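# Residue-level structural notes
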Amino acid sequence: MAKKVDEFSNRWGIVLASLGMAIGAGNLWRFPRIAGEYGGAFIILWMFFLLVWSIPLLMAELAIGKHFKKGTIGSLGSISGKKFTWLGVFVTLCTLGIAFYYSVVTGWSLRYFILNTHNLVDYLVGSGTMNTKIGSDHAYMQSFWSSISNANWETLLCYIVTVFLAIWVLSKGVKEGLEKVNKILIPTLFILLMVVSAFALQMPGGWQGLEYLFTIDFNHFSNPTIWVEAISDSAWSTGAGWGLMITIGSFSNKREDVTLNTFLGAFGNNTAALLAAMAILPAVFAMAATPHEATEYLESGSQALTFTIIPQLFANMPGGPFLSFIFFGAFLMAAFSSLLPMIQLLIKNLTDYKLSRKKAAFVAGTCCILFGLPSAYSIDFFSNQDWVWGLGLIVSGIFIAFLVMRYGVTKFKKDFIDESSDFKMPHWYFRLMINSIFFLGLFLVYWWMSQGYSEYPWFDADGNWNVIDIYSNASIVTQWGIILLIGIVFNGWFYKKFVKK
Amino acid sequence: MSNEAIIGMVFCLMLTVGGFLFFLVKAIRSGKPDKNKDPSVDTD
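Quick caveat: nothing in here was measured; it's all calculated off a predicted structure. (Residues numbered from 1 in each chain as written. Chains lettered and ligands numbered in written order. Predicted model: local features only at pLDDT ≥ 70, side-chain atom pairs only at ≥ 80, totals over all residues. Heavy atoms only, no water.)

## As for the overall build of chain A
Along the backbone of chain A there are 23 helices and 1 strand. Over its C-alpha atoms chain A spans a radius of gyration of 22 Å, differing by no more than 12% from the 23 Å that the globule rule assigns to 501 residues. In terms of overall dimensions, chain A has C-alpha extents of about 65 × 55 × 55 Å along its principal axes. Split into buried and exposed, the 501 residues of chain A put 63% on the buried side. About 18,400 Å² of surface is accessible on chain A, with carbon and sulfur atoms providing 66% of the total. If the 33 positive side-chain charges of chain A are averaged to one point and the 29 negative ones to another, these points end up 21 Å apart. (Helix = DSSP H or I, 4+ residues; strand = E, 2+ residues; numbered from the N terminus. Rg over C-alpha atoms; globule rule 2.2 N^0.38 Å. Buried < 20%, exposed > 50% of the residue type's maximum accessible area, 1.4 Å probe, protein only. Areas by Shrake-Rupley, 256 points an atom, 1.4 Å probe, with all protein chains shown as cover. Lys, Arg positive; Asp, Glu negative; His and termini not counted. Charge placed at Lys NZ, Arg CZ, Asp CG, Glu CD.)

Below you can see the structure in the form of structure tokens.
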């Protein structure tokens, strides 16, 4: 019996899905901190790398998914041929590595949303002592964060609830599940960020946050770190190289305009990130005693800023519990809307393997809960996974660029992108950028690994392979090696089951 | 706010939000050519 293909109803379904995928926790906790550190110079470079790194990769991914209508292994395997199917396996497993620990972040955001709801209710109808405690006792939020990030049953429960919720949404299909949820989440998220921004800017000192964010210091351009931070943030924030756009593309109508949809989604992501910075930085400056104290807060790190400092700052302002409730509501929405396509990536690959959608959703949820457990249980394990697979995304980007180069960049653009695009980019732009991605990616991997985040990057003091260290290169190489080995050893099987089928 | 910060803000917002609005208007103006009027079917 004939049945309807599950696909997005129109352009806006795809754009909202790509916005939901890209606007994640990173936009609210990482970007404002880094943008605040370097100011306008960072924003200019970040926009430059949106055009150089992120948009060409996202365009290639969306076009590949739309053309082959398969998941990441099937689509990338179809363009690479049997010999290089393992490249698609690497991209898939790398993104799953992120999905497993990212579901824990979504669990944390739910836990903080519950805390802030509790605080708001206590503030409105109770004694308000909880808000006083959050605002005046620095150790209170610190110990709350320490407790939920290490072996805490509440974290486990929140994390399992968010995964179940994601599976429930995705089991309804792309049109009835993902598209409908994004129609609510994304516009609400934009509105909430604008509300926080408007509140913060009305407070004395709030404008100093904007001054800090937008002042362009030309001396920064000669600092190599800001260039690397800008390209890394663009790659991580937009989701370029994750294979998520392949998944979204596989559910799109064949008449979709790849170029316009990609540009709209990518610029929308950056707009949301800038909006988040315009909400958070003025809030931090308005509530800190001095500008110096505000900059100290910003330099304290992403997790500390979001989970310990911001609740404390909100608690000290008039009506703060309202704002804190709105901020963590937005944070939960951003995290959840990014988790959905990550799990959808696994579901799509499983349905390619001929599992029914409901069975695939169940398997994906079980995998997420099982493999995410260690990250929910230990913050050290979480940090290790974030480091290993975060950098792995750059490798995924290199692999996708390599496949496009192997096919022929101009031919790829004509066959895959321009066939349905009214809005076309010049051939030279796409050719230059894809070639740049390959070499820039190699440089980035070298640069991050040479930064020496671990005291013993390869071997420990006793001369043993330092695989246990959270930030060691040995840990990265070992885990990448394992998934590469899986891809290469079972290359033929993956080709037979996901590509040829 | 200092003049440098105002110039930086206008420039950065033009690049980011301006770019987003430009593509948003372009997408709205292009109508709904991608609207799936005749839902495709498959037989699996």
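## Digging into unusual backbone geometry
All names here are of chain A. A positive phi angle, near 55°, is found at Lys69, a position not held by glycine. If you trace the backbone, Lys69 turns up in the loop between helix 4 (40–68) and helix 5 (72–80). At Lys354, a position not held by glycine, the phi torsion is positive, near 75°. Relative to the assigned elements, Lys354 resides in the loop between helix 17 (320–352) and helix 18 (357–377). We classify Lys354 as exposed; its relative accessible area is 55%.

## Comments concerning the nonpolar core
Residues and elements named next belong to chain A. Counting 187 residues, the largest nonpolar core has Trp108 and Phe412 as the members making the most contacts within it. The leading source of residues in this core is helix 14 (residues 258–287), at 21 residues. In contact with Phe412, other than residues within four places in its own chain, are Ala60, Ala63, Ile64, Ile79, Val404, Tyr407, Ile417 and Phe430. (Core = buried A, V, L, I, M, F, W, Y, C linked by side-chain atoms within 4.5 Å. Contact = heavy atoms within 4.5 Å.)

## Focus on the environment of Lys411 of chain A
All names here are of chain A. In this structure, Lys411 sits in helix 20 (residues 409–417). Owing to a relative accessible area of 46%, Lys411 belongs among the partly exposed residues under this scheme. Spatially, the C-alpha atoms of Lys411 and Trp387 are 35 Å apart, while their sequence positions differ by 24 residues.

## Quick look at a nonpolar patch on the surface
All names here are of chain A. Judged by side-chain polarity, Trp458, Phe459, Trp465, Val467, Ile468 and Val477 come together as a nonpolar surface patch covering roughly 590 Å² of accessible area. Tracing the sequence through the fold places Val467 in the loop between helix 21 (427–449) and helix 22 (473–489). Looking at Val467, the relative accessible area reads 31%, which means it is partly exposed. (Patch = residues over 30% accessible without salt bridge, like charges linked within 9 Å, V, L, I, M, F, W, Y side chains within 5 Å. Salt bridge = Lys/Arg side-chain N within 4 Å of Asp/Glu carboxyl O.)

## Structural notes on the packing of helix 14 of chain A against helix 15 (residues 291–298) of chain A
Residues and elements named next belong to chain A. Following both chains from N to C, one finds helix 14 and helix 15 inclined at 135°, their axes separated by 8 Å at the closest point. The angle between helix 14 and helix 15 places the two elements in the oblique class. The two elements helix 14 and helix 15 cross, and the hand of that crossing is right-handed. Here Leu281, Val284 and Phe285 of helix 14 lie close against helix 15, whose contacting residues are Pro291, Ala294, Thr295, Tyr297 and Leu298. A per-class count over the contact of helix 14 with helix 15 returns 7 nonpolar, 1 polar and no charged. (Axes fitted to C-alpha atoms, helices over the stretch in contact; angles between N-to-C directions. Parallel < 35°, antiparallel > 145°, perpendicular 65-115°, else oblique. Left-handed = near helix turned anticlockwise from the far one by under 90°. Nonpolar A, V, L, I, M, F, W, Y, C, P; charged D, E, K, R; others polar.)

## Section: the pattern of salt bridges
Residue and element names in this part refer to chain A. Counting across every chain of the model gives 9 salt bridges over all chains. Linking Asp352 and Lys348 is a salt bridge whose minimum nitrogen-to-oxygen distance equals 4.0 Å. Remark: Lys348 and Asp352 occur in helix 17; sequence separation between them is 4 residues, near one turn of the helix. The same class applies to Asp352 and to Lys348, which are both buried. Ionic pairing is found between Asp415 and Lys411, a salt bridge with its closest N-O pair at 3.2 Å. Here Asp415 pairs with Lys411, and both are found in helix 20, just 4 residues apart, close to one helical turn. By relative accessible area, Asp415 is classed as partly exposed at 28%. Several salt bridges converge on common partners, so that one network encompasses Arg30, Glu229 and Asp233.

## Quick word on the confidence of the model for chain B
Across chain B, the average pLDDT comes to 77, with 68% of residues at or above 70. Contacts from residues 33–44 of chain B, a stretch scored under 50 in pLDDT, to residues over four places away or in other chains number 25 contacts. (pLDDT = per-residue confidence, 0-100.)

## Re the state of the cysteines
All names here are of chain A. As enumerated under the stated definition, the model contains 0 disulfides over all chains in all. Free cysteine Cys94: the closest other cysteine sulfur is in Cys368, separated by 15 Å. With relative accessibility at 0%, the residue Cys94 sits in the buried group. Free cysteine Cys368: the closest other cysteine sulfur is in Cys367, separated by 8.0 Å. (Disulfide = S-S within 2.5 Å.)

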